[in-house]
Amino acid sequence: MIVVMQKGCSAEAIYNLMERIKGDGYDVHLSEGEERTIVGVVGHSPTPLKEENYSSMPEVEKVLRVTAPYKLASYDFHPNDTLVPLNGTLLGGEKVLVVAGPCSVESREQIIETAHAVKEAGATALRGGAFKPRTSPYSFQGHGEDGLKWMAEAREQTGLPIVTEVMSSELVPLVAEYADVLQVGARNMQNFHLLNACGESQQTVLLKRGMSSKLEDLLMAAEYVLSHGNSRVILCERGIRTFETATRNTFDLGAIPALQQMTHLPVVADPSHATGKWEYVEPVARGAVAAGADGLLLEVHLQPDKALSDGRQSLTPKRFRQLMENVRQVAQAIGRDA
Ligand code: PEP
Ligand code: MN
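Note that this is a predicted model, so its numbers are computed, not measured.

Some remarks on the overall build of the protein
Helix and strand counts for the protein stand at 11 helices and 14 strands. With respect to the three principal axes, the spread of C-alpha positions in the protein is 75 × 45 × 40 Å. Expressed as a percentage of the 338 residues in the protein, the buried residues total 51%. Long-range pairs, those at least 24 residues apart, make up 68% of the contacts in the protein between residues at least 6 apart in sequence. Accessible area of the protein: about 15,200 Å², with a carbon and sulfur share of 50%. If the 33 positive side-chain charges of the protein are averaged to one point and the 42 negative ones to another, these points end up 6 Å apart.

Observations concerning the site of ligand 1
Around ligand 1 there are 13 residues in total, and Arg 127, Ala 186, Arg 187, Lys 208 and Arg 238 lie nearest to it. Here Gln 183 contributes a side-chain N or O atom positioned 2.9 Å from an oxygen atom of ligand 1. In this structure, an oxygen atom belonging to ligand 1 sits 3.1 Å away from a side-chain N or O atom of His 273. Notes on ligand 1: free accessible area 300 Å², of which the protein chains cover 97%. For the shell around ligand 1, the per-class residue count stands at 3 nonpolar, 3 polar and 7 charged.

Remarks on the domain arrangement of the protein
What the domain assignment reports for the protein is domain 1 (2–64) and domain 2 (84–333). Using C-alpha coordinates to define each centre, domain 1 is positioned 44 Å away from domain 2.

Here's the deal with the pairing of strand β7 (residues 97–101)
Across the 5 residues that make up β7, a large majority, 5, are buried. Burial of the side chains of β7 extends over both faces: Leu 97, Val 99 and Gly 101 are buried on one face and Val 98 and Ala 100 on the other. Of the strand pairs in this sheet, β7 and strand β14 (residues 295–299) are connected by 5 bridges, and their pairing is parallel. Bridge pairing links Gly 101 to Glu 299 in β14. Examined bridge by bridge, β7 and strand β8 (residues 125–127) share 2 bridges and lie parallel to one another.

Some words on the coordination of the manganese ion (ligand 2)
Coordination of the manganese ion (ligand 2) by the protein is provided by Cys 103 (SG), His 273 (NE2), Glu 299 (OE) and Asp 310 (OD), with metal-donor distances spanning 2.0 to 2.4 Å. Sequence positions of the donors to the manganese ion (ligand 2) reduce to the motif C-x169-H-x25-E-x10-D. With Cys 103 in the loop between β7 and α3 (108–121) and His 273 in helix α9 (residues 271–275), the pair connects residues that are 170 residues apart, well separated along the chain.

A closer look at helix α4 (residues 145–158)
Its 14 residues give α4 an end-to-end C-alpha distance of 20 Å, which sits within 8% of 20 Å, the value for a rise of 1.5 Å per residue. Within the span of α4, buried status applies to Gly 147, Leu 148, Met 151, Ala 152, Ala 154 and Thr 158. Looking straight down α4, one finds that the buried residues subtend no more than 160° of arc, so they occupy a single side. Looking at the buried side of α4, the elements it contacts are α3, β8, β9 (162–165) and α5 (172–178). In the stretch just after α4, Gly 159 is the one whose phi turns positive, near 80°.

A few points about unusual backbone geometry
Its identity as a non-glycine residue notwithstanding, Asn 87 has a phi of 50°, on the positive side. Inspection of the secondary structure puts Asn 87 in the loop between β5 (84–86) and β6 (89–91). Unusually for a residue other than glycine, Gln 202 sits at a positive phi of about 65°. Given a relative accessible area of 40%, Gln 202 falls into the partly exposed group.

Here we look at the sheet that holds strand β10 (residues 181–184)
Read around the closed barrel, 8 strands run β7-β8-β9-β10-β11-β12-β13-β14, paired in parallel fashion. Going from strand to strand, the sheet's axes swing by 25° on average, the running direction of each strand aside. Here β9 pairs with β10 via 3 bridges, running parallel. Its bridge partner lying in β10, Val 163 is registered against Val 181. Helix-sheet contacts for helix α7 (residues 215–226) involve β11 (204–208) and β12 (233–237), and the interaxial angle to β12 is about 160°.

A short note on empty space enclosed by the protein
This structure, assessed with the given rule, holds 1 cavity of 30 Å³ or more. Taken as a whole, the largest cavity holds about 70 Å³ of empty space. What lines the largest cavity is Leu 86, Leu 91, Leu 97, Val 99, Val 163, Val 181, Leu 206, Ile 234, Val 268, Leu 296 and Leu 297. Where the lining of the largest cavity is concerned, the elements lending two or more residues are β7 and β14. Broken down by class, the residue content of the lining of the largest cavity amounts to 11 nonpolar, no polar and no charged.

A few points about the sheet that holds strand β4 (residues 60–64)
Here we have 4 strands laid out as an open sheet, ordered β2-β3-β1-β4, and antiparallel in their pairing. If you trace the sheet from one side to the other, it starts and ends with β2 (27–32) and β4, each paired once. Strand after strand, the sheet turns through a mean of 20° between neighbouring axes, direction not considered. Both strand β1 (residues 2–5) and β4 contribute to a ladder of 4 bridges, which runs antiparallel. Following the sheet pairing, Ile 2 is matched in β4 by Leu 64. Where helix α1 (residues 11–23) meets the sheet, its contacts fall on β1, β2 and β3 (37–42), and the angle it forms with β2 comes to roughly 155°.

What counts as what
Residues numbered from 1 in each chain as written. Chains lettered and ligands numbered in written order. Predicted model: local features only at pLDDT ≥ 70, side-chain atom pairs only at ≥ 80, totals over all residues. Heavy atoms only, no water. Helix = DSSP H or I, 4+ residues; strand = E, 2+ residues; numbered from the N terminus. Buried < 20%, exposed > 50% of the residue type's maximum accessible area, 1.4 Å probe, protein only. Contact = heavy atoms within 4.5 Å. Areas by Shrake-Rupley, 256 points an atom, 1.4 Å probe, with all protein chains shown as cover. Lys, Arg positive; Asp, Glu negative; His and termini not counted. Charge placed at Lys NZ, Arg CZ, Asp CG, Glu CD. Near = heavy atom within 4 Å. Polar contact = N/O pair within 3.5 Å; in protein donor to acceptor, adjacent residues only side chain to side chain. Nonpolar A, V, L, I, M, F, W, Y, C, P; charged D, E, K, R; others polar. Domains from an automatic or database assignment. Pairing = 2+ DSSP bridges. Donors = N, O, S within 2.8 Å, 3.2 Å for Na, K, Ca; no water. Expected span 1.5 Å × (residues − 1). Arc of directions from axis to C-beta. Axes fitted to C-alpha atoms, helices over the stretch in contact; angles between N-to-C directions. 1 Å grid on protein atoms, 1.4 Å probe; cavity = no way out; pocket = protein on both sides within 12 Å on 5 of 7 lines; lining within 4 Å. Points joined across faces, edges and corners; volume = space filled by probe spheres on them.

Dropping the structure here:
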């Protein structure tokens, strides 16, 4: 952090500031120019650095942060990209990985048949919700543990790892028993108890961006998981709420390069929830991969018109196969593979 003093400030103000910095356990780096004095706050201390405490001191003009508040998620202390293992390969590496499956696990047969279909088309992991965060309490809420068991059976048959949502901290031990990746949904991005529990579990976490969250908020949420020593965090752009209603959410394409500059964590895109319509899913998926997404999260349903949730945005297995072929070409055009 850098404290810029007012022009011609008094020696007493500088002295008081330096004493405060040292009192907080940090080192001082003083730079006295002809017109202005700048004081650097450096080093580490258990006392958190509060910008507002320093900016309200006498004769301080402004306070600038030079390191990101999301310390563990930023490149400041982690210069190399994080690669998250998934099904014998690495998310964040050369290959664009695809996680596909239904919005909800609806039956044993449905999830097993879908798992075979998406595997055949080239998916790396299987998604499916057993605990569903629904806007209405009257909508299908998921099959709970039965759904997890059916997913585990689908994994046994296909070898595809399971990505599934966990909605509360109390459910983390149960879901983690079955899941390979714990999904934290958009509505729970700032459920800090849940984030702490996911961090403690040491399981891979797929963290979806909240629908009204800034990227910095997303990274601060990731920080909760990372602060438990769990470095396997995947970020997911799934569209945000705007005034536009032609799509379910507004896909924030710029979030992909922005996140890649802000953090070493891998970034995936979910064009299904971002658009809400299956016919927009492939173009947005292609765009996301062209923009540098490390992976895709896609909803696939055997009979979208009969789906218990999100049928309108679900691809049939046939359309999913087509998408995979086209996305592969985009990936190859930018020197990757899918
Ligand atoms: C989902 O993945 O099915 C889901 C509910 O997503 P989101 O949390 O992004 O709305
Ligand atoms: Mn869904």
